[in-house]
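# Coordinates in review
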Amino acid sequence: MKNSKKAHTWKQIFQIYWRAIKLLSHVYPQLMISRFLCTVWTALTPYVNIYLSALIIEEMSGGRNPRRLLQLVGITLLLAGGISLGTAFLTKWKNVQEACHFYKDEAIFSKKLFDMDFICIDDAKVQEQFDILKQYSYSGGWGIFRVVSNCDSLISSVFTFLGGIPLTITLFTRKVPESAGGYRILNNALFLLLVFGVMLAVTYLAPIFSTKAGSYWSTYAGAHRKGNLLFGYFGFTGYNKDLAADMRIYRQDVFSDKYTGDKKGAFCSQGMFAKFGRGPMGLLQAASAAVSVIFTAVVYLFVCLKAWAGAFGVGAVTQYIAAITKASSGVSTMIATVGNMKNNTPFLEQVFDFLDIPNPMYQGSLTVEKRRDRDYEVEFKNVSFKYPGSDNWALRNVNMKFKVGSRMAVVGRNGSGKTTFIKLLCRLYDPTEGEILLNGINIRKYNYLDYLMIFSVVFQDFKLFSLKLGENVASGVEYDRELAEDCLRKAGFGERLAAMPEGLDTYLYKDFNKDGVDVSGGEAQKIALARALYKDAPFIVLDEPTAALDPIAEAEIYTKFNDIVDDKTAIYISHRLSSCKFCDEIAVFKDGAVVQKGSHSTLLADEGGEYYELWHAQAQYYTA
Ligand code: ADP
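The model shown is predicted, which means the values in this text are computed figures rather than measured ones.

Turning our attention to the overall build of the protein. Each helix and strand in the protein was counted, giving 23 helices and 10 strands. C-alpha extents for the protein along the principal axes are approximately 125 × 50 × 50 Å. Burial status across the protein gives 44% buried among its 624 residues. Once local pairs closer than 6 in sequence are excluded, the contacts in the protein between residues at least 24 apart make up 74%. Accessible surface for the protein amounts to roughly 32600 Å². Of this, 59% is attributable to carbon and sulfur atoms.

Next up on the list: helix α20 (residues 521–535). An ideal rise of 1.5 Å per residue puts 21 Å on 15 residues; α20 measures up with 22 Å between its terminal C-alpha atoms. Three or more residues of α20 are buried, namely Glu523, Ala524, Gln525, Ile527, Ala528, Leu529, Ala530, Ala532, Leu533 and Tyr534. Of the residues flanking the end of α20, it is aspartate 536, one or two places downstream, whose phi is positive at about 55°.

So, about the site of the ligand. Every residue near the ligand is listed here: Asp122, Tyr387, Ala394, Arg413, Asn414, Gly415, Ser416, Gly417, Lys418, Thr419 and Thr420. Between an oxygen atom of the ligand and a main-chain N or O atom of glycine 415, the distance comes to 2.7 Å. Between the ligand and threonine 420 there is a distance of 2.5 Å, counted from an oxygen atom to a side-chain nitrogen or oxygen. Each residue belonging to the shell around the ligand can be placed in one class, and the counts come to 2 nonpolar, 6 polar and 3 charged.

Let us look at the sheet that holds strand β2 (residues 395–402). The 4 strands lie next to each other as β2-β1-β4-β5, forming an open sheet whose pairing is antiparallel. In the strand order of this sheet, the two ends are held by β2 and β5 (441–442), each with one partner. Pairing of strand β4 (residues 433–438) with β5 involves 2 bridges; the strand directions are antiparallel. Bridge pairing links leucine 438 to isoleucine 441 in β5.

Once that is clear, we can look at the side chain of glutamate 610. With respect to the helices and strands, glutamate 610 occurs in helix α23 (residues 610–618). Take glutamate 610: its relative accessible area is 7%, and that puts it in the buried class. For glutamate 610, the side chain forms a polar contact with the side chain of arginine 413, separated by 2.8 Å. The residues touching glutamate 610, leaving out its near neighbours within four places in the chain, are Arg413, Val588, Lys590, Val595 and Gln596.

With that settled, the discussion passes to unusual backbone geometry. What is expected of a backbone is that most residues other than glycine have negative phi and most peptide bonds are trans. Of note in this structure, tyrosine 509 is not a glycine but carries a positive phi near 60°. Considering the arrangement of structural elements, one finds tyrosine 509 in the loop between α19 (494–499) and α20.

What follows deals with the sheet that holds strand β3 (residues 407–412). Ordered in space as β6-β7-β8-β3-β9-β10, the 6 strands form an open sheet in which the pairing is mixed. Either end of the sheet is taken by a strand with one partner, and the two such strands are β6 (455–458) and β10 (593–598). When strand polarity is set aside, the average angle formed by the axes of neighbouring strands in this sheet is 15°. In this sheet, strand β9 (residues 585–590) lies alongside β3 in parallel orientation, the contact comprising 5 bridges. Considered in β9, the bridge of alanine 409 is made with isoleucine 586. Sheet contacts for α23: β3, β9 and β10; angle to β9, the most-contacted strand, approximately 90°.

The contact between helix α1 (residues 10–27) and helix α7 (residues 144–173) brings their axes to 10 Å, and the two run at 95°. One element, α1, and the other, α7, form an angle in the roughly perpendicular class. Between α1, through Tyr17, Ala20, Ile21, Leu23 and Leu24, and α7, the contact on the second element is made entirely by Ile144, Val147, Val148, Asn150 and Cys151.

So, on to the state of the cysteines. Tallied over the entire structure, the rule returns 0 disulfides. Free of any disulfide, cysteine 151 has its nearest neighbouring cysteine sulfur in cysteine 38, separated by 15 Å. Cysteine 487 takes part in no disulfide bond, and the closest cysteine sulfur, belonging to cysteine 426, lies 19 Å away. The exposure class assigned to cysteine 487 is buried, which follows from its relative accessible area of 4%.

The next point concerns the packing of aromatic side chains. With the rule as written, the count across this model stands at 30 aromatic pairs. Each ring, one from phenylalanine 89 and one from tryptophan 93, has its centre 6.4 Å from the other, and the planes form 35°; the classification is tilted. In this pair, phenylalanine 89 and tryptophan 93 both sit in helix α3 (residues 66–98), 4 residues apart, roughly one turn of the helix. Classification of phenylalanine 89 by relative accessible area gives exposed; the value is 57%.

What follows concerns the pattern of salt bridges. Counted according to the given criterion, the structure contains 19 salt bridges. Among the ionic pairs, arginine 35 bridges to glutamate 98, the shortest N-O distance being 2.4 Å. Here arginine 35, found in helix α2 (residues 29–61), pairs with glutamate 98, found in helix α3; they are 63 residues apart in sequence, far enough to count as distant. Across the salt bridge formed by glutamate 610 and arginine 413, the nearest N and O atoms sit 2.8 Å from each other. Here the residue glutamate 610 occupies a position in helix α23, and arginine 413 occupies one in the loop between β3 and α15 (418–425), the gap between them amounting to 197 residues. Here the residues in one salt-bridge network are Arg413, Lys590, Glu610 and Glu613, joined through shared partners.

Grouped together as the largest cluster of nonpolar side chains are 46 residues, with contacts concentrated most on Leu469, Leu488, Ile527, Phe561 and Tyr572. In terms of residue count, the dominant contributor to this core is α20 (8 residues). Of all hydrophobic cores here, the second largest spans 34 residues; its members include Leu425, Tyr429, Ile454 and Phe589.

We now examine the pairing of β9. A regular strand carries its side chains on alternate faces of the sheet. Summarising the sheet, β9 and β10 pair through 5 bridges and their orientation is antiparallel. Pairing of alanine 587 across the sheet is with lysine 597, part of β10. As consecutive antiparallel partners, β9 and β10 are separated by 2 residues, and within that stretch aspartate 591 has a phi angle of approximately 50°, a positive value.

By secondary structure assignment, the location of arginine 531 is in helix α20. Expressed as a C-alpha distance, the spacing of arginine 531 and alanine 484, which sit 47 residues apart in the sequence, is 8.1 Å. Once residues within four sequence positions are removed from consideration, arginine 531 is found in contact with Phe462, Lys463, Leu464, Asn472, Val473 and Ser475.

Quick notes on the rules
- Residues numbered from 1 in each chain as written.
- Predicted model: local features only at pLDDT ≥ 70, side-chain atom pairs only at ≥ 80, totals over all residues.
- Heavy atoms only, no water.
- Helix = DSSP H or I, 4+ residues; strand = E, 2+ residues; numbered from the N terminus.
- Buried < 20%, exposed > 50% of the residue type's maximum accessible area, 1.4 Å probe, protein only.
- Contact = heavy atoms within 4.5 Å.
- Areas by Shrake-Rupley, 256 points an atom, 1.4 Å probe, with all protein chains shown as cover.
- Expected span 1.5 Å × (residues − 1).
- Near = heavy atom within 4 Å.
- Polar contact = N/O pair within 3.5 Å; in protein donor to acceptor, adjacent residues only side chain to side chain.
- Nonpolar A, V, L, I, M, F, W, Y, C, P; charged D, E, K, R; others polar.
- Pairing = 2+ DSSP bridges.
- Axes fitted to C-alpha atoms, helices over the stretch in contact; angles between N-to-C directions.
- Parallel < 35°, antiparallel > 145°, perpendicular 65-115°, else oblique.
- Disulfide = S-S within 2.5 Å.
- Phe/Tyr/Trp six-rings, centres within 6.5 Å; stacked < 30°, edge-to-face > 60°.
- Salt bridge = Lys/Arg side-chain N within 4 Å of Asp/Glu carboxyl O.
- Core = buried A, V, L, I, M, F, W, Y, C linked by side-chain atoms within 4.5 Å.

Have a look at this one:
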């Protein structure tokens, strides 16, 4: 599976990297600064040592002046100490920042996902786009995570190269004496040019070979990602407690092994990457190493010959060899890094394509007035809705007005449009046709977060955090403990609360605390109801959060809840009619339309209606 990549110009590569650097510097300035300083420091400081060591050796083999030698050794020791201290300080600073690097990168995506309109989150294509870019990031380190290490290498290589130049330049300018006979060829400009050219070519070739070898990882990143995905999915099935029973009954370990143990799998002995390793990738890496050896040989030969012919002393030999090898490694790293940046560019593009997904929903600026009398009236006016990418109407011409403080039930078969209706009410989606009004104004004109404050919804698939019970109820760390306890009692959790070892401070589940409590499905529902009560929003919506309960238990919870919602407007959704018969008004949904409206008794009196049919179909569950 080949990654389809279009070739990028250098301008495009540097532009996208510059954008990534600006983003990271904004999100994490300390990391970027500490890494920059540390990299420059560690690139340049070795030259101090190389230079001073050369002076000492030179003095020992030449002047042999003990006073000057002492001075040189003193300066070397002092500077070495200072450099070590500086390195220790900068490395510690960088490491502390580095510890959060992964989380800061992840935070960029979390923030984007949180800021996204729900319509985008719910879009399968957006989900796929996100999954793929994360899989590339986790499987090959591609994308934004690689930018910091690329910057490090680039800066380090540039400074290593620049730092080496002053210590290397005289290697080419210092001449062998006239008395050196045939060695005078070493002074010949053409010969020097030839040596320089060979060094440059070899310096250039080594990283080119290794970048080409590395490009197999990016070109075939699709296969790598897929291999990683399969391994991530099947490699850990044994860890999963929820699968343990099925695994044993159906011997699912056998087919799991088929995927993880397949010798032709991406990472296995006969897989694609092993073949590349034995073939072109391995050859290129070997060529890169061989070429580096040629470089070392040429340098040693040239420097030693010049010293032999008397161009400079022994001290200078160590200086030149160390400096030129380092400067050349700087150039090699620079070329390899630029190659790596080129390989990473398509993945960075994916990252920015995702981060640039626009929010299509209009964001109004009107504030929702906070009213003690809860006098908020919401009205659906001829609302129709199609899910993005779907040709079917999920809702059709819905007209509905919620009277303040009323109890309304929304009932109907599965797929009749009940949840879609609630999603539109909470403005998770905008209507395709028609409008929804709050106190006579289109809800699009309100500030969205403000508008959401008037709703408490307990969704079918609500989630609780593995945090303290009280924090779950209040959705916050600082909260009114008395109110939280009161809400839990009202939701029917009073007795269980009294039995909790730490009361409101008891952890739910064991993810963060070994003494955490595993609550049952029914108990979790009560906590979710208490959370809805704690928010104290004027509208409270229960969207079948009790679907896991039997019909009689659900009816009990709904009736009890009716007593505790006080003057709030309550909307109950269920496909079980018995749970909602106490409501002032029942709206019956069928195929996305409201086909009947009225009280339980009036609806039941209509023998040809949907409600009558559903009621009698379900009666067996609760007539007992
Ligand atoms: P209910 O809550 O009554 O079971 P829904 O509101 O969930 O019904 O679904 C109404 C219709 O919309 C169904 O035909 C369902 O298949 C469709 N639908 C629900 N969610 C989506 C979605 N995310 N994308 C496309 N169609 C959807």
